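Now for the letters of each chain:
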Amino acid sequence: MSAWKDVQKLSFTDASARERALGIVDEDTFTEFVGPRNKMSSPHLPILGEAIEFDDGIVTGVGLVGKRPVFVISQEGNFIGGSVGEVGGAKMVNTIRLALKAYEDVKEKYPDSYEERLPAVVISFETGGVRLHEANAGLLAHAEVMDQIQNARGKIPVITVIGSKVGCFGGMGFVAAATDIIVMNEEGRLGLTGPEVIEQEMGKDEFDAGNKALVFRTTGGKHKYIMQDCNFLVANKVAAFREQLEEIMEIPFAEVENYRRIGSLKLVEEQFELVKLAAELQPKDSKEMWKYYGNEDPDQLNELPFEEFLKNAKRRERNC
Amino acid sequence: MGIETMIGRGRDAIEMIFDQGSVQENVVEQYEFDAEIGPGAVVGTAKLEDETVTFIASDAQAINPRFNVVYFGVIGMEEAYKMALAVYRTMEVDKDKPLEEKRPIVLIVDTPGNGPGKIEEIIGMNKATGAYQLALAEARKIGHPIVAMVIGRAISGAFLCHGLQADNILSLAQDYGTMIHVMPLTSISRITKLDIERLEELSKGNPIFAAGVNFFYRLGGVEEIVENPEAMRPLIRKHIDSVRELKVSGQAEKLGPWGRGLLGDERGGRVLRKKVIELMDAQYEDIAEKYLTV
């Protein structure tokens, strides 16, 4: 059996960044850019006595889903928490840039049928954001990624997948929010300020980071699904993420914009209404939001097996 | 003249930078903003040497009565969406104007962070700060000159939110207590377990992790350092003009985050970025045909 077939069976959380990257596209189609063989590691880490990785903790490359080139960015949480430094940041930025180059190329080559070959970007996040050992370069790279995401608007879809142990926090939390479509599993978490940081800055009364159930309820996949902050919730298997991606690639590009949360005046007005609601409700727990959206027994809902949860969960209604 | 910090003085900066008597808060042409909502964000219209601009700043004295983590210049959810709205309204009122007449947006930067609270995480603070950044990026790309002026604190995610999507970034000199960093060296010391003296020594030769305006300058993260507050007004004017000139002459790639990447290489502070990009480009060229002609 091929490596690809083996990878399909893996749980997404247990898979490595490289396994996720090659497994999310069609069998044996993934080509890595600036992989370990190129030894583009961080020169800044050894100065501070840290070990390096030859891929700097980020796997980038291109694969296919059908006829469509899919540019993949996959972060490795086992290497310094998936943090973004100068090299990894540049790999992220340029992957989106190359996808946009491919977009121009297919448009030129196939002016009448380019949509069936429309490139896409998939980012598998597993990160807390900036790598402190090279914090300034990491921060500047975040701004560049955001800039490229805006460049992709109206041209190619940018899709987020979050199914890792580390989750997606810090600056990468808003990069993910800025993409078109978000896919998570129950294990995935998405936010800005991690629970430990909130507890450290604002105290245990604000957030008890040791309370794992609370942590998952606040930023976990189920909550994000109910809030419409993730579009699709899938089982924790590489195959499940890949199948979901295949379905997403069937969405006509003109409709992709409808999956977004932010990025236009209309969407900002919708989110502003949600903030007004939060100001009124002052939720102390995400369960209060679940209830507000019609889930009468949030605890029971939370206990349901994945498939049952999907069938029963009532989500925030989108007003546009 | 004694040196006085500008930290916490966003409103003073507005008065110092724009034409006397021209500042109108909570207004962008026909659009008005509710002063009670997002009190930590100060948005409005002013004139700079007779040209109409939109300004966006933080008010360090304001306390948001609805969100208890939002004070001292923190950008909360209301603040970030209010800032984003100011940008969208600016685009809207100028939508029929040619490139050379798009009104500038001036960001006055003094913020310690994005709202670090539980409600913020339940509702999604990441969306709020992301929304504002996308609005700025869109406005920049359709031609509005955006200049950020760091007067005080430009800390980590808050600087990404309010500043780093600008065309050009100016910063008051370090002597004024200006702070640009992800984390102070003391926190990096705790996390990396390296002692502070050693980190200070290392940071002299490598601007990549240490806190400070001058390091960001070397990395291309700040276009120009402003020596004193009196120089803010003429230099913001100068940068608006040069940004506009680059846009009109089709050289926008020299601006914004990508332009600062080029600048980081030029100044010798961020040289690996370019190597990585060039290697990737070459590797992609070798295989592109296979992926585009399936």
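Residues numbered from 1 in each chain as written. Chains lettered and ligands numbered in written order. Predicted model: local features only at pLDDT ≥ 70, side-chain atom pairs only at ≥ 80, totals over all residues. Heavy atoms only, no water.

Could you give an account of the interface of chain B and chain A, with specific residues and numbers?
Contacts between chain B and chain A engage 85 residues on the former and 97 residues on the latter. Of all residues in chain B, Lys118, Glu121 and Tyr291 of chain B give up the largest surface area on contact with chain A, accounting jointly for 10% of the area buried on that side. Our count for the chain B to chain A interface comes out at nine salt bridges. Close ionic contact of Lys101 of chain A with Glu285 of chain B constitutes a salt bridge, the shortest N to O distance being 3.0 Å. Connecting chain B to chain A are 37 residue pairs in polar contact (both at pLDDT 80 or more). Here the element with the most residues in the side of chain B that touches chain A is helix H11 (residues 272–292) of chain B; it accounts for 16 residues. Split by residue class, the side of chain B that touches chain A holds 47 nonpolar, 18 polar and 20 charged. (Contact = heavy atoms within 4.5 Å. Buried area = accessible area lost by both parts, 1.4 Å probe. Salt bridge = Lys/Arg side-chain N within 4 Å of Asp/Glu carboxyl O. Polar contact = N/O pair within 3.5 Å; in protein donor to acceptor, adjacent residues only side chain to side chain. Helix = DSSP H or I, 4+ residues; strand = E, 2+ residues; numbered from the N terminus. Nonpolar A, V, L, I, M, F, W, Y, C, P; charged D, E, K, R; others polar.)

Outline the pairing of strand S3 (residues 68–75) of chain A, supporting the account with residue identities and numerical values.
All names here are of chain A. The buried count for S3 comes to eight of eight residues, which makes it a mostly enclosed element. Counting the residues that bridge the hairpin from strand S2 (residues 58–65) to S3 gives two residues, and of these Gly66 lies at a positive phi of roughly 65 degrees. With five bridges connecting them, S3 and strand S4 (residues 120–124) associate as parallel partners. Residue pairing across strands places Val70 opposite Ala120, the latter belonging to S4. Handedness of the crossover is the feature at issue here: the chain leaves S3, passes through helix H4 (residues 86–109), returns alongside S4, and the resulting connection is right-handed. (Buried < 20%, exposed > 50% of the residue type's maximum accessible area, 1.4 Å probe, protein only. Pairing = 2+ DSSP bridges. Right-handed = clockwise from strand over helix to strand, strands pointing away.)

How would you sum up helix H10 (residues 256–266) of chain B? Please name residues and give values.
Note: α-helices contain 3.6 residues per turn, so residues at a spacing of three or four share the same orientation. Judged by how many residues are buried, H10 of chain B sits mostly within the fold: eight of 11 residues are covered. Residues of H10 of chain B that are buried: Gly256, Pro257, Trp258, Gly259, Arg260, Gly261, Leu263 and Gly264 of chain B. The inward-facing, buried residues of H10 of chain B contact H4 and helix H5 (135–152) of chain A together with helix H4 (125–141), strand S8 (168–172), helix H8 (213–218) and H11 of chain B. Just downstream of H10 of chain B, Gly268 of chain B is the residue with a positive phi angle, here 80 degrees.

Which residues make up the environment of Ile24 of chain A, and what values do they have?
Residue and element names in this part refer to chain A. Positionally, Ile24 belongs in the loop between helix H2 (17–23) and strand S1 (31–33). Residue Ile24 is classed as buried on the basis of its relative accessible area, which comes to 3%. Sequence separation between Ile24 and Trp4 is 20 residues, and the spatial gap between their C-alpha atoms is 9.1 Å. Residues in contact with Ile24, not counting those within four places in the same chain, are Val65, Val72, Val122, Val161, Phe241, Arg242 and Leu245.

Any details on the layout of surface pockets? Residues and values, ideally.
Estimated volume of the largest pocket: approximately 1500 Å³. Along the wall of the largest pocket there are 47 residues; nearest its centre are Thr193, Val197 and Glu201 of chain A together with Ser156 and Met183 of chain B. Looking at the lining of the largest pocket, the elements that each hand over two or more residues are helix H6 (171–177) and helix H7 (195–202) of chain A together with strand S7 (146–155), helix H5 (156–161), strand S9 (179–181) and helix H6 (185–192) of chain B. The leading source of residues in the lining of the largest pocket is H7 of chain A, at six residues. When its residues are assigned to classes, the lining of the largest pocket shows 24 nonpolar, 17 polar and six charged. Each pocket or cavity is described by its volume, and for the second largest pocket that value is around 280 Å³. For the second largest pocket, the lining is made up of 16 residues, of which Asn151 of chain A together with Arg140, Lys141, Ala252 and Glu253 of chain B are closest to its centre. (1 Å grid on protein atoms, 1.4 Å probe; cavity = no way out; pocket = protein on both sides within 12 Å on 5 of 7 lines; lining within 4 Å. Points joined across faces, edges and corners; volume = space filled by probe spheres on them.)

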